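Residue-level listing of the chains:
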Amino acid sequence: MVEVAPWWWAMLLPVALGALVLGMVSGEAAVDARTAGRRVTTGELTRPVRGAARLLMRQRRLPLRADAVLWRIGSAAGVVAAVLAAAVVPFGGYVVWDSAVGIVWFNAMGALMWALAWLAGWGANSAHALVGGYRFLAQALAYELPLMFALTAPALGAASLRMGDVVAAQQDVWFVVWMPLAFAVYLLGVLGISFWGPLAPPAGSDIASGIAAEQSGMDRLALLAGRGMLLVTGAAFAVPLFLGGGGGPVLPGWLWSLLKTVAVLAVLVWLSVGLPRVAVPRLLRVGWVMVLPAVLAQLLVVGVVVAW
Amino acid sequence: MDVMARLRRFAFARPSLLLLSAPTATVVRLAVERFVRGEGWSLASGAADADALVTAGPLPPDLAAIADTLEAQLAPPCERISVTEPDETSERLSELPERLARGGARVPDRPLPEEPPMAGMVEDRDGLMLDALHVPLGPALPFWPPGLRLHVQLRGDVIGHAHAETLGVDGVTGSFWDTAPAGVRALDACVRLFGVAGWHAAHTRCLVLRDRLLARAGGDHQGERGGRRADGGDVRAEVRRLARKARFLDPELRGLAPVPGVGDAADRLRTWLAVAAGGESEAAPGSVETPSPISPARRTLTSAQALDLLPELVTGMELGTARLAVASLDIDVTEAGIGAVAATVGDTHG
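Residues numbered from 1 in each chain as written. Chains lettered and ligands numbered in written order. Predicted model: local features only at pLDDT ≥ 70, side-chain atom pairs only at ≥ 80, totals over all residues.

- Identification of chain A as NADH-quinone oxidoreductase subunit H from Haloechinothrix salitolerans is taken from an unreviewed UniProt entry.
- Recorded under Sequence similarities (unreviewed entry), the UniProt text for chain A is reproduced unchanged: "Belongs to the complex I subunit 1 family." (UniProt positions renumbered as here; feature names shortened; annotations may be inferred.)

### Digging into the overall build of chain B
Point 1. Across its full length, chain B carries 12 helices and nine strands.
Point 2. Buried residues in chain B amount to 51% of all 350 residues.
Point 3. Looking at chain B alone, contacts between residues at least 24 apart form 72% of all its contacts between residues at least 6 apart. (Helix = DSSP H or I, 4+ residues; strand = E, 2+ residues; numbered from the N terminus. Buried ≥ 20, exposed ≤ 12 C-beta atoms within 10 Å, placed from the backbone. Contact = placed C-beta atoms within 7 Å.)

### With respect to helix α12 (residues 280-307) of chain A
Residues and elements named next belong to chain A.
Point 1. Look at α12: 38 Å from first C-alpha to last across 28 residues, which is about the 40 Å you get at 1.5 Å a residue.
Point 2. At G287, α12 shows its strongest bend, of approximately 40 degrees.
Point 3. For α12, the full list of buried residues reads V280, L283, G287, V291, V295, Q298 and V302.
Point 4. In this fold, the buried residues of α12 make contact with α6 (127-158) and α9 (180-193). (Expected span 1.5 Å × (residues − 1). Bend = angle between axes of the 7 residues up to and from the residue.)

### Observations regarding the interface of chain B and chain A
Point 1. Listed by partner, the interface residues are 46 residues for chain B and 42 residues for chain A.
Point 2. Elements with a minimum of two residues in the side of chain B that touches chain A: α1 (3-11), β6 (129-137), α6 (182-196), α7 (200-217), α9 (250-253) and α12 (319-329) of chain B.
Point 3. If one sorts the elements of the side of chain B that touches chain A by residue count, α7(B) sits on top with five residues.
Point 4. Residue composition of the side of chain B that touches chain A, grouped by class: 26 nonpolar, 10 polar and 10 charged. (Nonpolar A, V, L, I, M, F, W, Y, C, P; charged D, E, K, R; others polar.)

### Focus: helix α8 (residues 234-245) of chain B
All names here are of chain B.
Point 1. Here α8 spans 17 Å end to end across 12 residues, near enough to the 16 Å set by a 1.5 Å rise per residue.
Point 2. Within α8 the residues assigned to the buried category are V235, R236, V239 and L242. Projected down its long axis, α8 carries its buried residues within an arc of 120 degrees, all on one side. Seen from the open side of α8, the exposed residues pointing more than 90 degrees away from its buried face are A237, R241 and R244. (Arc of directions from axis to C-beta.)

And the structure:
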């Protein structure tokens, strides 16, 4: 079962998340190189590392009359939110913080992005960044409620908000088997939190990178790292939530957790690479007219099964 | 060599470029874009993330002034590079990583641009009072027609008022596209539209296909450097595949910026892809010496007409939607019939 990990795991958490983000964007870089007709070489795979080094070497630039404090908090605190969220994610048989309300904690960290994305967009004192901030809030209106209900489904199935109990409840059947809709909606929510791929309008190419429009150097690196770490944490959290945690034959639990996380990430990256951005008004329509009723119906099914 | 120098070399091996192209320098712009794709560099979305300002073509005074302003916004280490001939692209750009690793150029001491003035308070769609901003769009935006600047009044994220301006077109006598294959222009338009739509994979594929068609039209049968040689039909087949996938964009493009006789943005995208699919046969080996001009059936909307319609079309649109609309019109400011256009439209209580 899930036990509390030794204290030094907490130190490793940011490093592990960073490594997963680098692995993921390297995968993306490889796909991009192939699409652009280049051979996939080491040079292509190290592109993200190079990019990070480049941002570290560049001077930061403060836009004219920006609200520097709020702007930098908004840009950099995504990393913190991601690490704090990852603290309640069981990995194999261990978890850094065995909270009794792990699911709520994860959701709270995701909800922090409402404030952070807005601060990053507003603080830059730039039209494109401001529009990015508006877009994040509008987009969050579309995904946040469905995401919360999607998170409720496993909690209801396990009759607990503690991640250890959620994993234990999936010993026989993974939750994804009888909560597939909740799983799909959860993944959509993760894309939304990190405004990634089809849900990237807040940092869209049509508004010159929106929230990221004015960021340079370390500020930009922090913002990009935060988004990536939120996506990776979201993928890792899907494993104990819907995919039976570290459970699986032959291999040790930690390896199963890692393999499942990478598989979820691969799905998210595949969606991001192959699909165009979804405009926010359309997302709002789909979110409220289709996704929300669907995930409520899913909850009803889970409730009936549990009561029965 | 010390560690720091090696690290700098590693970091700046693939710089990010802010490209400002003279509207007359299409052939240079295409060469720069092709170089960037081939080397795995990137084009910056704005001055904040750019390592270098790259200007394509000799810049007329109005664009040169804009280039100076952009250069002043770059954070060090940075460089400014001017490419005026397509043949010198590789030579000029290849030295950039080394120069950046050595610390870049001294930043010229120019005053930063003034903050855009507030337009005061206006009523938004719901009758709320809202700040309105004057924002110039272009000419150095990604996926934006070179030489076009659209001044918009932004209320939140909605355009309340717009007027268009053309830059760098004084004394221009003709367009690059007058003699280039129609398929190349169609794919160049797709590149911009897919780019604005955030469809990265389709955008990149169109870049590859555009460069391949262009190379073949120029008699350069080698096409892709180090890549497999594209033999007949493969560009056409891939464009057809893209055309089938393009319906992914229908929800954003259907009904967008409709023009009588030309259809909406989705129709125009379909037309481009059809031209590109057909353009393959026109540019097939054998006929490469005589590149076909743009077929008259391709578009019944000239750039001059599109530019006239533009301010009215984008008024009331969300900023991103307006960007899609602009990309869907494939405006070339060097096309015949465009003088110093200053079309203005919008409501007057601004």
